[in-house]
Number of protein chains: 2
Amino acid sequence: MNVHSMLPTVTPHEKPDKREAILDAALELFAERGFHGTAVPLVAERAKVGAGTIYRYFESKEALVNALYQREKQALGAAIVDAFPFDSPPRAQFHFFWDRISVYALAHPTELAFLELHHHAPYLDATSRAVEEAVLAPAFVFFQNAIEAQVVKPLDPMLLGALVWGAFTGLVRAAREGRLPLTPESLLRAEECCWEAIRR
Amino acid sequence: MNVHSMLPTVTPHEKPDKREAILDAALELFAERGFHGTAVPLVAERAKVGAGTIYRYFESKEALVNALYQREKQALGAAIVDAFPFDSPPRAQFHFFWDRISVYALAHPTELAFLELHHHAPYLDATSRAVEEAVLAPAFVFFQNAIEAQVVKPLDPMLLGALVWGAFTGLVRAAREGRLPLTPESLLRAEECCWEAIRR
DNA sequence: CGTATCGGGATGAACGTTCATTCCTATCGG
DNA sequence: CCGATAGGAATGAACGTTCATCCCGATACG
């Protein structure tokens, strides 16, 4: 065996994975019409693959939505945590967090809509739940620290998290419904509101 | 025609309306499994009526979910607006509002879950959207007044509304997932947070 | 170097199931 | 008795899933 025989041959261009194409198609459709409202052959059509091809990559429709949920939740988590300023004071950390989810919301509205719509759905499996928990954990730690530093109200971190995330989500939803524009300015104003909601 | 002929006859006790039974059954199932995830015969079984009976009261599954949405949205709106202290200062009005939705959330968790899950769904018709708008309007007026009275930040009333409603919704959702208890105390703390978020 | 053979990914028509809806029969109050 | 109402088996469409077949690049062979 020489080195060349072990490397894949050139594979000139065909590698943009069908698996990814299926996930991308499923993302749009599930975000728009929900899990039960989306027919598998429709996903295949949008992904430009045969209906049967989906079952070469995913065991079932449920396995597909779980794989997608995990991909998107992890991407969101990574977008938030990457380069997190662990040593900055809480207010700066909060700004960092808010800025990151704002950028994410503006760049990936469909992904956010999908995650929101499928949050805690009964067809999500244990792995999806575990990913959910793992992404949630850093926020919990942040609130804990901020409370100990006495800059944030001494309330259940879960309550604080639910308020802030709920408020952000409400904003994004209203924007999606065309009730208000989602601009960097309005997001900054909303950040001030949320900080004043939780600060001591 | 005399007066008696115009009044309904005695109807001794059997009036627990099948229509209501169907709506009640649909409420639980739609809240739990969503619109597309709920089979009509299952609704019939839960309501203890024949499958065909549903179609004596509702033109279609879509008509059923719309009738239910309108019933629940209007009940929520009525619960909030009834006896609203129009002449009180904004802070008292906000407290009244928060108290009412808190009581509603504690007494009608399934109804709230249904409304949240079906919010802005594509199968909701023009009437449902109109009801949605009508229930939203008073909140809009409240924020407008509170801004003019200079006790609330001069931001888009829609943004303020989205933040507060989103925060409340986040709380209720977290409670439903068992992440935190939904007690009168925690709801009061959350109210303070939300007021500080929007107050000038 | 050209041709035959191979193998695994991709396919979409077809399958059995389940769905929303219909319709005919049974029931019941008047 | 009769008209209206309720019931649930029947129905056709649409669903998720399967599988016999196709396709195409790689390899073996003459």
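Just above sits the structure.
Residues take numbers from 1 onward in each chain, read along the sequence in its written order. By the order in which they are written, chains take letters starting at A while ligands take numbers starting at 1. pLDDT decides what is reported in this predicted model: residues at 70 or higher carry local features, side-chain atom pairs at 80 or more are listed and counted, and totals for whole chains, interfaces and linings draw on all residues regardless.

Peer 1: I'm lost on the interface of chain A and chain B in this one. Help?
Peer 2: In many reports, interface size means the accessible area that the parts give up when they come together. The interface is formed by 30 residues belonging to chain A together with 30 residues belonging to chain B. Helix and strand assignments come from DSSP, with helices taken as H or I runs of at least 4 residues and strands as E runs of at least 2, each series counted from the N terminus. When residues of the side of chain A that touches chain B are traced back to their parent elements, those giving at least two are helix H9 (157-176) and helix H10 (184-198) of chain A. If one sorts the elements of the side of chain A that touches chain B by residue count, H9(A) sits on top with 11 residues. Ten residues, namely Ala, Val, Leu, Ile, Met, Phe, Trp, Tyr, Cys and Pro, are considered nonpolar, four, namely Asp, Glu, Lys and Arg, are considered charged, and the remaining ones, Gly among them, are considered polar. The class makeup of the residues in the side of chain A that touches chain B is 16 nonpolar, eight polar and six charged. Contacts are defined on C-beta atoms placed from the backbone: any two residues whose C-beta positions lie within 7 Å are in contact.

Peer 1: I tried to follow the protein's contact with DNA strand D on my own but got confused; where do I start?
Peer 2: Contacts to DNA strand D come from 16 residues, most closely from Ala39(A), Gly52(A), Val49(B), Gly50(B) and Gly52(B). Going through the elements one at a time, helix H3 (40-47) of chain A together with helix H4 (51-57) of chain B are the ones with two or more residues in the surface near DNA strand D. Considering every element that reaches the surface near DNA strand D, the biggest residue donor is H4(B), with four residues. Within the surface near DNA strand D, the residues separate by chemical class into seven nonpolar, six polar and three charged. The C-beta atom of each residue is placed using the backbone, and any residue whose C-beta lies within 6 Å of a molecule or strand is treated as near it.

Peer 1: Quick question: what am I supposed to make of the environment of Gly170(B) here?
Peer 2: Relative to the helices and strands, Gly170(B) resides in helix H9 (residues 157-176). Excluding anything up to four places from it in sequence, Gly170(B) contacts Ala162(A), Leu163(A), Trp165(A), Gly166(A), Ala167(A) and Thr169(A).

Peer 1: I tried to follow the relation of the copies chain A and chain B on my own but got confused; where do I start?
Peer 2: A rotation about some axis, followed by a shift along it, carries one copy of the chain onto the other. C-alpha atoms of residues with pLDDT of at least 70 in both copies form the basis for the least-squares superposition of the copies. At an RMSD of 0.0 Å, chain A and chain B line up after a rotation of 180 degrees and a shift of 0.0 Å along the axis. Both copies are brought into coincidence by an operation consistent with a two-fold rotation axis. Mapped onto chain B, 100% of the interface residues of chain A again fall at the interface, so both copies present the same surface.

Peer 1: Looking at this structure, I do not really get the protein's contact with DNA strand C. What am I missing?
Peer 2: Taken together, 16 residues lie near DNA strand C, and Gly50(A), Gly52(A), Thr53(A), Ala39(B) and Gly52(B) sit nearest. Elements with a contribution of two residues or more to the surface near DNA strand C: helix H3 (40-47) and H4 of chain B. The element contributing the most residues to the surface near DNA strand C is H4(B), with three residues. Classifying every residue of the surface near DNA strand C gives seven nonpolar, six polar and three charged.

Peer 1: Is there a simple way to explain the packing of helix H2 (residues 18-33) of chain A against helix H5 (residues 61-81) of chain A in this structure?
Peer 2: The relative placement of two packed helices is expressed as an angle between their axes plus a distance between the axes. All names here are of chain A. For the pair H2 and H5, interaxial distance at closest approach is 10 Å and the crossing angle is 90 degrees. The pairing of H2 with H5 is recorded here as roughly perpendicular in orientation. Counting all contacts with H2, which are made through Leu-23, Ala-26, Leu-27 and Phe-30, the residues of H5 involved are Leu-64, Val-65, Ala-67, Leu-68 and Arg-71. Its residues assigned to classes, the contact of H2 with H5 shows eight nonpolar, no polar and one charged. The axes used here are C-alpha line fits, helices contributing only the stretch in contact, and every angle between their N-to-C directions lies in the interval 0 to 180 degrees. Orientation categories follow fixed angle ranges, with anything under 35 degrees roughly parallel, anything over 145 roughly antiparallel, 65 to 115 roughly perpendicular, and all other angles oblique.

Geometric descriptors of this kind do not, in isolation, establish any biological role.
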